[in-house]
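In case you want the letters, here they are:
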Amino acid sequence: MTGKTINYYAGGNTAQGFYSLFDSAVGSLDRLFILKGGPGTGKSSLMKTIGSVWVEKGYDIEYIHCSSDNDSIDGIIVSELGIGIVDGTAPHVIEPKAPGAVEEYVNLGEAWDSRKLESHREEIANYTTRISDAFQSVYAVYADALAIHDEWEEIYISNMDVGKADALTTRLIDSFLGEQTLDKKAKVEHRFLGAATPKGPVDFIQNLTEDVPKRYFLKGRPGSGKSTLLKKLARSAENKGFNVEIYHCGFDPHSLDMVIVRELGFAIFDSTSPHEYFPDRESDEIIDMYEEIIALGTDEKYAGEIEDISQRYAEKMKEANIYLAEAKQLHDKLEEFYIDAMDFSKIDDIRETLEAEFDRRALKTVKK
């Protein structure tokens, strides 16, 4: 019996720059291998291969995806074994907390021909600079887009019935959690359910919620209280001892898009663009924040302003995506120099060494 795959992001290109949640993703592991090496050195392929092997062995695998390259991953985790592998190169640099005892660097640079790379030194430096410049443009445009989004939110915030919002939040928390408590410290995991990528917005909501019996689809407008509700719910669940998966917004990481409490069998998520879904199971339920707490007729009253804001926002997001695609194209060019300089048979040797570490971990777990 094959295992299940869970997909999410632990880092993203956001309005706050590159935002990392890797510490949360790998913080509870007993063994972590941190891959070092340039672009094109086979980090993603190595991790995918090991991941597929362990899925076939029946273990559930967490795939941490790369927000800057739709075809690459940044990490794999076998939580049952407490072991993982991550790409530890910029921008998601991971600093070991217990070097050697928990974390261990794996240098894929051992497999490259430095003389070949040295012959392209100026080109490599040029591409590296241009890639950095493209990402800085992405972050600047996203910051502009966030300011426009704040204008959008303000319309609905100023037309919100705060009393109704508080009452709705209290009712939902009571309904979801009730009087139940667990006598343990909650495990809280911070992730991204999606990201802005070179191919546009991508999310893994369906994958992350496929085994969750009850799903709540939050509908509403920007500023209608969806993130605030999720934050209060997550805090309440944690205080009651329940493990909580907290999924941040890939555009504004200070906002939340989803909360999952698997011990209670529910997920609740922002189901508006760019991750808009509609119920497709009998148990699915919609919670419309606009209908519940926003003054009747707000959309109509501010229609002209909303149209202007939404157009300006869409233009900024489109502009940022152009820069993301440019960064990806430049990165592909940079990879070619490293691919040409690599001895991939040595990468195979490194992969086999890592697989042996996973085997030892599995044997140790069985003995326990």
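Residues numbered from 1 in each chain as written. Predicted model: local features only at pLDDT ≥ 70, side-chain atom pairs only at ≥ 80, totals over all residues. Heavy atoms only, no water.

Some points on the overall build of the chain
When its secondary structure is counted, the chain shows 11 helices and 16 strands. A compact globule built from 368 residues would reach a C-alpha radius of gyration of about 21 Å, and the chain, at 22 Å, matches this within 12%. Across its three principal axes, the chain shows a C-alpha extent of roughly 70 × 55 × 35 Å. Buried residues in the chain amount to 51% of all 368 residues. Taking contacts inside the chain between residues at least 6 apart in sequence as the whole, the part at least 24 apart equals 80%. Accessible area for the chain stands at about 17,700 Å²; split by element, carbon and sulfur atoms hold 49% of it. (Helix = DSSP H or I, 4+ residues; strand = E, 2+ residues; numbered from the N terminus. Rg over C-alpha atoms; globule rule 2.2 N^0.38 Å. Buried < 20%, exposed > 50% of the residue type's maximum accessible area, 1.4 Å probe, protein only. Contact = heavy atoms within 4.5 Å. Areas by Shrake-Rupley, 256 points an atom, 1.4 Å probe, with all protein chains shown as cover.)

Details of unusual backbone geometry
Between Ala-90 and the following residue, Pro-91, the backbone shows a cis peptide bond with an omega angle of 10 degrees. Within the element layout of this structure, Pro-91 appears in the loop between β7 (83-87) and β8 (103-107). The amide bond that connects Ser-273 to the next residue, Pro-274, takes the cis arrangement and shows omega of 10 degrees. Take Pro-274: it is sitting in the loop between β15 (266-270) and β16 (285-288).

Some words on the nonpolar core
Within the largest apolar cluster, 58 residues are counted, with the highest numbers of intra-cluster contacts made by Tyr-142, Phe-176, Phe-251, Phe-266, Ile-268 and Ile-287. Top contributing element to this core by residue count: helix α4 (residues 121-157), with 15 residues. Apart from residues lying up to four places away in sequence, Phe-176 is in contact with Tyr-216, Leu-233, Leu-264, Phe-266, Ile-268 and Ile-287. (Core = buried A, V, L, I, M, F, W, Y, C linked by side-chain atoms within 4.5 Å.)

Overview of the domain arrangement of the chain
Split by domain assignment, the chain resolves into domain 1 (5-112 + 343-366) and domain 2 (160-294). Summarising the inter-unit geometry, the C-alpha centres of domain 1 and domain 2 are found 28 Å apart. Contacts between the two partners involve 23 residues from domain 1 and, on the opposite side, 24 residues from domain 2. Summed over both sides, the interface of domain 1 with domain 2 buries roughly 1,900 Å², with 58% coming from carbon and sulfur. (Domains from an automatic or database assignment. Buried area = accessible area lost by both parts, 1.4 Å probe.)

A look at the side chain of Glu-62
In this structure, Glu-62 sits in strand β5 (residues 61-65). At a separation of 2.6 Å, a polar atom in the side chain of Glu-62 contacts the side chain of Tyr-8. (Polar contact = N/O pair within 3.5 Å; in protein donor to acceptor, adjacent residues only side chain to side chain.)

Focus: the environment of Phe-344
In this fold, Phe-344 is placed in helix α11 (residues 344-367). Residue Phe-344 is classed as partly exposed on the basis of its relative accessible area of 33%. Once the C-alpha coordinates of Phe-344 and Leu-108 are considered, the two residues, 236 residues apart in sequence, prove to be 9.7 Å apart. In this view, Phe-344 contacts Gly-40, Thr-41, Gly-42 and Ile-339; residues no more than four positions away in its chain are not counted.

Here we look at the packing of helix α5 (residues 162-177) against helix α7 (residues 226-239)
Interaxial distance between α5 and α7 falls to 10 Å at its minimum, and their mutual angle equals 40 degrees. Every pair of crossing elements has a handedness; the one defined by α5 and α7 is right-handed. Contacts between α5 and α7 pair Asp-166, Thr-169, Leu-172, Ile-173, Phe-176 and Leu-177 from the former with Leu-229, Lys-232, Leu-233, Ser-236 and Ala-237 from the latter. Of the residues belonging to the contact of α5 with α7, the class tally is seven nonpolar, two polar and two charged. (Axes fitted to C-alpha atoms, helices over the stretch in contact; angles between N-to-C directions. Left-handed = near helix turned anticlockwise from the far one by under 90°. Nonpolar A, V, L, I, M, F, W, Y, C, P; charged D, E, K, R; others polar.)

Details of the environment of Glu-355
The residue Glu-355 is located in helix α11 in this model. A residue is classified by how much of its surface remains accessible, and Glu-355, at 16% relative accessible area, is buried. When the C-alpha atoms of Glu-355 and Val-53 are compared, they prove to be 9.0 Å apart, with 302 residues separating the residues in sequence.

Description of the packing of aromatic side chains
Across all of its chains, the model carries 14 aromatic pairs by this definition. On the basis of an interplanar angle of 45 degrees and a centroid distance of 5.8 Å, the ring pair of Trp-54 and Phe-358 is categorised as tilted. Highlighted residues: Trp-54 in helix α2 (residues 43-56) and Phe-358 in helix α11, separated in sequence by 304 residues. Pair check on accessibility: Trp-54 and Phe-358 agree, each one buried. Between the aromatic rings of Phe-176 and Tyr-216, the centroid separation amounts to 4.5 Å while the plane-to-plane angle is 45 degrees, which identifies the pairing as tilted. Here Tyr-216 lies in strand β12 (residues 214-219) and Phe-176 lies in helix α5, a separation of 40 residues in the sequence. Tyr-216 carries the same exposure label as Phe-176, and that label is buried. (Phe/Tyr/Trp six-rings, centres within 6.5 Å; stacked < 30°, edge-to-face > 60°.)

Section: the environment of Asn-107
By the secondary structure assignment, Asn-107 is in strand β8. Residue Asn-107 is classed as partly exposed on the basis of its relative accessible area, which comes to 40%. Taking the C-alpha atoms as reference points, Asn-107 and Val-212, 105 residues apart in sequence, are found 39 Å from one another. When neighbours within four sequence positions are excluded, Asn-107 is seen to be in contact with Lys-36 and Ile-350. A polar side-chain atom of Asn-107 sits 2.8 Å from the main-chain amide nitrogen of Gly-109.

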